Amino acid sequence: MMLLNASGCLDALVAPDVARQLDAFVTKTITPLPREGNAPPRIAETAHGMLNAIGLANPGRDVFLRQTLPRLAETLDIPIWVSVGGFSARDYAETCAGLDGSDAAVIELNLSCPNVDEAADGAAEIVAACREATAIPLYAKLSAAHPDVGAVALAVAEAGADGLSLINTLRGTALDPRTLQPVLARTTGGLSGPALKPIALAVVHSCYAATGLPIVGMGGVTTGQDALELIACGARDVALGTVLFSDPDAPARVRAELAEAAERAAVASPDDVFARAHDVEKLPHTRRKVTA
Amino acid sequence: MSRRERRSVVGAEAVGRYTLLRLARGGLDPGAPGQFFMLEAPGRLLPRALSLCLAPPGELAFLVDPVGPGTEALCRLGTGDAIHVFGPLGNGYRLDVQRPLLVGGGIGIAPLPYLAQALGGAPALVGFRSDEHAAAAQLLPGAEVVVEPTLVTEAIRPGYDVLACGPEPMLRAVAALCPSAQLAWEAPMACGYGACYGCAVEIDGELKRLCVEGPVIDASRTTLQLATKEIAA
């Protein structure tokens, strides 16, 4: 089991000591062209969560490849996962081609940012185009908002994804209680934090059942127990997001709590509860393998 | 060096409409004047950013304006309670100025007492919306105090190196009067250490993170600020 950060929740160049507590670092999403991001205010605290509407602020693919990625590789001695975004399958594939042979250990395809207007091509189409463009392992980050995310997971698996990152934030709105106007300049933002945990558990559970692919589980992880539950639903690895904002020591703390939670569950290692929340006999992906 | 520790409240006193929250310093460095700390707000998901007001021996003191659920929770803390504190963060005021004048508006008085100490005393001018709020001026002995409808900008005399903190309209007005002023800004902030990108404001003509570039910014570098009072209304 590896502990990662959720994309967009940590800047390893500004806070390398936080990143070094992780087993792998995931970059903020990179798009073909530089993006300044959305106008402020961009964040709002809500009950059991927060909204963000950052809008994929990033220096763009060229500056990232020339400057940011080499600096990250110099700063960190853990694998670097590069989150890739775009507005068409071609955008994604061109960035993946640019990353081929770079310091990127894994490419996470952000197919689910709720904070940009542009509609992307279908998830499977994007994954297929990227698969042709690079030999680097591809993880598809999917949205829990899809009514049948298991079917999307199966489609991206068949298109060549090596793993899944689940879940991204979900779109929400917060109003100022006095003016009844949206707090965020963009009106909507992505909901993250503890409010997401039951959704993350459900999505990881259904996508593992559908595909059997390696999954990085994330969404509302605050404690080691939360991480253990994601593993039991089928996550091989776990990422921390919003908790990093309030607790930069969260990776070390969650790791220690995870060991305690495993002990409470009467197992030697967190990996020992992997997929325990499934009835193995009923897993479609294992059935498929048996019949094949 | 910033670090995060759980610190006990050693005192919480009303100062007019504000609360001076005093915490045991522990291993935390008070940092430079104008730097800030993220204080755990009991019952809330996100901590709140507060600049250091005073650094008595063994303590860190913060002036809190109860403007939302987080700051209200901080004002309810009592002696013996404990919260996580992370800092110091950001960049403070440059102290290499010839003729300093500290200018504060409302809760913007917060970083000025510690700043005055670091400068070995400096003239100060603070403005408030009411006499009750103006009670906070006791934290800055000798300061000239104005109360609305009089504005601090009406009382600034030329020839000073202004170091200011206050609401956005005041900072804009100070910047117009004193283009070389150092201004401490506020923005909604989830993390305080560059992770969330929530506090982006226009600096040098582009959106940059206030927690990384500031919160103290030369007046010439910034033109836009869309601050809210708290991260949750």
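Note that the coordinates shown come from a computational prediction; the quantities given were computed from them, not determined experimentally.

### Comments concerning the overall build of chain A
- In terms of regular secondary structure, chain A is built from 10 helices and 12 strands.
- A globule of 292 residues ought to have a C-alpha radius of gyration of about 19 Å, and chain A, at 18 Å, matches this closely.
- Scored against the burial criterion, the 292 residues of chain A give a buried share of 55%.

### Re the overall build of chain B
- Scanning chain B from terminus to terminus reveals six helices and 15 strands.
- Relative to its length of 233 residues, chain B is compact, with a C-alpha radius of gyration of 16 Å against a globular reference of 17 Å.
- At a minimum sequence separation of 6, the contacts of chain B that also span at least 24 residues come to 61%.

### Focus: the nonpolar core
- Core analysis: the biggest nonpolar cluster contains 183 residues, and Leu109, Val127, Ala140 and Val204 of chain A together with Leu183 of chain B have the highest contact counts within it.
- Domain assignment of the residues forming this core places at least three in each of domain 1 (3–89) and domain 2 (100–224) of chain B.
- In contact with Ala140 of chain A, other than residues within four places in its own chain, are Leu109, Leu111, Ala123, Val127, Val156, Ala161, Leu164 and Ser165 of chain A.

### A word on helix H6 (residues 197–211) of chain A
Residues and elements named next belong to chain A.
- If you check H6, its first and last C-alpha atoms are 21 Å apart, about what 15 residues at 1.5 Å a residue would give, namely 21 Å.
- H6 sits mainly inside the fold: 11 of its 15 residues count as buried.
- Looking at H6, one finds that the buried residues are Lys197, Ala200, Leu201, Val203, Val204, His205, Cys207, Tyr208, Ala209, Ala210 and Thr211.

### Examining the interface of chain A and chain B
- The partner chain B presents 26 residues to the 29 residues of chain A that form the contact.
- Elements that contribute at least two residues to the side of chain A that touches chain B include exactly strand E3 (43–46), strand E4 (49–52) and helix H8 (243–246) of chain A.
- The residue makeup of the side of chain A that touches chain B, split by class, is 16 nonpolar, six polar and seven charged.

### Looking at the packing of H6 of chain A against helix H7 (residues 224–233) of chain A
Residue and element names in this part refer to chain A.
- Interhelical geometry of H6 versus H7 gives an angle of 25 degrees and a closest axis separation of 8 Å. Taken as axis vectors, H6 and H7 run roughly parallel relative to one another. Contacts between H6 and H7 involve Lys197, Ala200, Leu201, Val204, His205 and Tyr208 from the first element and Asp226, Glu229, Leu230 and Cys233 from the second.
- Broken down by class, the residue content of the contact of H6 with H7 amounts to six nonpolar, one polar and three charged.

### A closer look at the environment of Ala190 of chain B
- The topology assignment puts Ala190 of chain B in the loop between strand E11 (182–184) and strand E12 (200–203).
- Remark: the alpha-carbon pair of Ala190 of chain B and Arg48 of chain B, spanning 142 residues in sequence, is separated by 7.6 Å.

### Let's talk about the packing of helix H4 (residues 123–133) of chain A against helix H5 (residues 149–158) of chain A
All names here are of chain A.
- Running from N to C, H4 and H5 cross one another at 20 degrees; their axes reach a closest spacing of 8 Å. One way to sum up the angle between H4 and H5 is to call them roughly parallel. Between H4 and H5 the crossing geometry is right-handed. Contacts between H4 and H5 involve Ala123, Ala124 and Val127 from the first element and Val152, Ala155 and Val156 from the second.
- Of the residues contributing to the contact of H4 with H5, the split by class is six nonpolar, no polar and no charged.

### Digging into the domain arrangement of chain B
Residues and elements named next belong to chain B.
- Domain annotation of chain B identifies domain 1 (3–89) and domain 2 (100–224).
- Placing a centre on the C-alpha atoms of domain 1 and another on those of domain 2 gives a separation of 19 Å.
- Taken together, the contacts link 19 residues of domain 1 with 23 residues of domain 2.
- Looking at the side of domain 1 that touches domain 2, the elements that each hand over two or more residues are strand E3 (36–39), strand E4 (48–51) and strand E6 (82–89).

### Digging into the pairing of strand E6 (residues 104–110) of chain A
Residue and element names in this part refer to chain A.
- Taking burial as the measure, the seven residues of E6 include six buried ones, the bulk of the element.
- With helix H3 (residues 89–99) bridging strand E5 (residues 80–84) and the parallel E6, this β-α-β connection has right-handed handedness.
- One ladder, built from four bridges, connects E6 with strand E7 (residues 138–141); its direction is parallel. Residue pairing for E7: Ile107 is matched across the bridge by Leu138.

### Overview of the sheet that holds strand E10 (residues 161–165) of chain B
All names here are of chain B.
- Taken in spatial order, the six strands of this open sheet run E9-E8-E7-E10-E11-E14, and their pairing is mixed. Pairing within the sheet leaves two strands with one partner each, and these edge strands are strand E9 (144–147) and strand E14 (216–218). Going from strand to strand, the sheet's axes swing by 20 degrees on average, the running direction of each strand aside.
- Note: E10 against E11, three bridges, orientation parallel. For Cys165, the partnering residue across the bridge sits in E11 and is Ala184.

### As for the sheet that holds strand E9 (residues 170–173) of chain A
Residue and element names in this part refer to chain A.
- Strand order in this open sheet of four strands is E3-E4-E10-E9, and the pairing throughout is antiparallel. This sheet does not close on itself; its edge strands, each paired only once, are E3 and E9. Averaged over all neighbouring strand pairs, the angle between strand axes comes to 40 degrees, with direction disregarded.
- Of the strand pairs in this sheet, E3 and E4 are connected by four bridges, and their pairing is antiparallel. Following the sheet pairing, Ala44 is matched in E4 by Leu51.

### Considering the pairing of strand E10 (residues 188–192) of chain A
All names here are of chain A.
- Of all five residues in E10, four are buried, a share of seventy percent or more.
- Note that E4 and E10 share three bridges and pair antiparallel. Within E10, the position partnered with Leu51 by the bridge is Leu191.

### Observations regarding H3 of chain A
Residues and elements named next belong to chain A.
- Where burial is concerned, most of H3 is hidden: eight out of the 11 residues are buried.
- Within H3, burial applies to Ala89, Asp91, Tyr92, Ala93, Thr95, Cys96, Gly98 and Leu99.
- The inward-facing, buried residues of H3 abut helix H2 (61–75), E5, E6 and H4.
- In the segment just after H3, Gly101 is the residue with positive phi, at about 85 degrees.

### Let's talk about the environment of Pro147 of chain A
- Within the secondary structure, Pro147 of chain A is located in the loop between E7 and H5.
- Distance from Pro147 of chain A to Gly193 of chain A, taken between C-alpha atoms, is 21 Å for residues 46 residues apart in sequence.

Cut-offs and rules
- Just so you know, the residues in each chain are numbered from 1, in the order the chain's sequence is written.
- As a convention, the first chain written is A and the first ligand written is 1, with the rest following in written order.
- In view of the model being predicted, local features appear only for residues whose pLDDT reaches at least 70, and side-chain atom pairs are presented and counted only at 80 or more, with totals across whole chains, interfaces and linings using the full set of residues.
- Counting from the N terminus, the helices are the DSSP runs of H or I reaching at least four residues and the strands are the DSSP runs of E reaching at least two.
- We compute the radius of gyration over the C-alpha atoms and compare it with the globule rule, which gives 2.2 Å times the number of residues raised to the power 0.38.
- Exposure criterion: with C-beta atoms placed from backbone coordinates, a residue whose C-beta has 20 or more other C-beta atoms within 10 Å is buried, one with 12 or fewer is exposed, and one in between is partly exposed.
- By definition, residue pairs are in contact when their C-beta atoms, positioned from the backbone, come within 7 Å.
- Put simply, a nonpolar core is buried Ala, Val, Leu, Ile, Met, Phe, Trp, Tyr and Cys residues tied into one set by C-beta atoms within 7 Å.
- The source of the domain bounds is an automatic or database domain assignment.
- Helices are assigned an expected span. That span is 1.5 Å times one less than the residue count.
- Any residue outside Ala, Val, Leu, Ile, Met, Phe, Trp, Tyr, Cys, Pro, Asp, Glu, Lys and Arg is labelled polar, Gly included; the first ten of those are nonpolar and the last four are charged.
- The convention used is that axes are lines fitted to C-alpha atoms, helices contributing only their stretch in contact, and that angles between N-to-C directions extend from 0 to 180 degrees.
- Reported orientations rely on four angle classes, namely roughly parallel under 35 degrees, roughly antiparallel over 145, roughly perpendicular from 65 to 115, and oblique for the rest.
- Helix crossings get a hand from a simple test, with the near helix turned counterclockwise from the far one by less than a right angle marking a left-handed crossing and a clockwise turn marking a right-handed one.
- A clockwise path from the first strand over the helix to the second, with the strands pointing away from the viewer, defines a right-handed crossover.
- Criterion used throughout: strands pair if DSSP finds at least two bridges between them.

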